[in-house]
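Now for the letters of each chain:
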Amino acid sequence: MMNKNKMNMNELIKGTIFGSIVGFSVAMLFAPKQGSELRRDISEKSKVALEKADDWKDTIQEKSSEYSDMAMAKGSDLIDKGDELGQKVTQGMDEFSKVAEDITEFTQETTDKTKELYDDVSEKAKFIANEVTETSTEIKDEVMDHTQSVKKDAKSISEDIKQDTKDLKD
């Protein structure tokens with residue numbers, strides 16, 4: 001890319017010099033002077049024009065070189081900064097990957113432990129429900145038996161009281 005710019009710059013300089021010479025020569029040819037005087041003027045003006053063109057060429061080459069050096073320096077700085085940024089991004093991505101792995105591992109462990117606890121609590125709840133059902137049935141049966149016994153006893157006592165009352169009346 002730099003060679004292309006340098007070639008374009010050289011072509012611009014050559015074109016400027018050539019155009020200046022041709023333009024100057026044409027202007028001198030149409031100027032109202034004698035031949036020898038005109039040739040002398042053309043020669044002097046051509047030398048002046050060539051000197052100016054040479055000065056311009058030198059100035060353009062210097063500026064071109066300066067700008068090229070500045071561009072190279074800036075480009076080098078940008079490359080260095082890009083490399084530095086790339087390293088930071090890579091480092092950040094590595095750290096992010098480690099954190100993501102840790103989170104994934106933690107989530108898996110938490111899920112496993114939660115499932116174990118759920119299974120354990122579920123099993124204990126079923127056991128307790130069965131125990132409560134059995135105990136309730138046993139208590140119900142005992143209460144029924146006791147109630148039957150109390151009813152019998154109450155009936156027996158009632159009959160005894162009736163008999164005693166009847167005996168007392170008689």
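All of the points below concern the structure found in this document.

What counts, and at which threshold
- Residues numbered from 1 in each chain as written.
- Predicted model: local features only at pLDDT ≥ 70, side-chain atom pairs only at ≥ 80, totals over all residues.
- Heavy atoms only, no water.
- Patch = residues over 30% accessible without salt bridge, like charges linked within 9 Å, V, L, I, M, F, W, Y side chains within 5 Å.
- Areas by Shrake-Rupley, 256 points an atom, 1.4 Å probe, with all protein chains shown as cover.
- Salt bridge = Lys/Arg side-chain N within 4 Å of Asp/Glu carboxyl O.
- Buried < 20%, exposed > 50% of the residue type's maximum accessible area, 1.4 Å probe, protein only.
- Lys, Arg positive; Asp, Glu negative; His and termini not counted.
- Charge placed at Lys NZ, Arg CZ, Asp CG, Glu CD.
- Helix = DSSP H or I, 4+ residues; strand = E, 2+ residues; numbered from the N terminus.

## Topic: a nonpolar patch on the surface
A cluster of nonpolar side chains, contributed by Leu85, Val89, Met93 and Phe96, occupies part of the molecular surface with about 430 Å² of accessible area. The exposure class assigned to Phe96 is exposed, which follows from its relative accessible area of 57%.

## Observations regarding a negative patch on the surface
Together, Glu101, Asp102, Glu105, Glu109, Asp112, Glu116, Asp119 and Glu123 make up a region of like negative charge exposed at the surface. For Asp102, the location among the structural elements is in helix H2 (residues 35-169).

## A few points about the environment of Lys98
Mapping Lys98 onto the fold places it in helix H2. Relative accessible area serves as the criterion here: at 54%, Lys98 is assigned to the exposed category. The spacing of Lys98 and Asp77 is 21 residues in sequence and 32 Å in space, taken between C-alpha atoms.

## A look at the pattern of salt bridges
Scanning all chains against the criterion turns up two salt bridges. Between Lys57 and Asp54 there is a salt bridge, and its shortest N-O distance comes to 3.6 Å. Of this pair, Lys57 and Asp54 both sit in helix H2, separated by three residues, roughly a single helical turn. The class for Asp54 is partly exposed, based on a relative accessible area of 34%. Lys124 is the partner of Asp120 in a salt bridge, and the nearest nitrogen-oxygen pair spans 3.5 Å. On the criterion of helical spacing, the pair formed by Asp120 and Lys124 is a turn pair, its members being four residues apart in helix H2.

These figures capture arrangement, not role.
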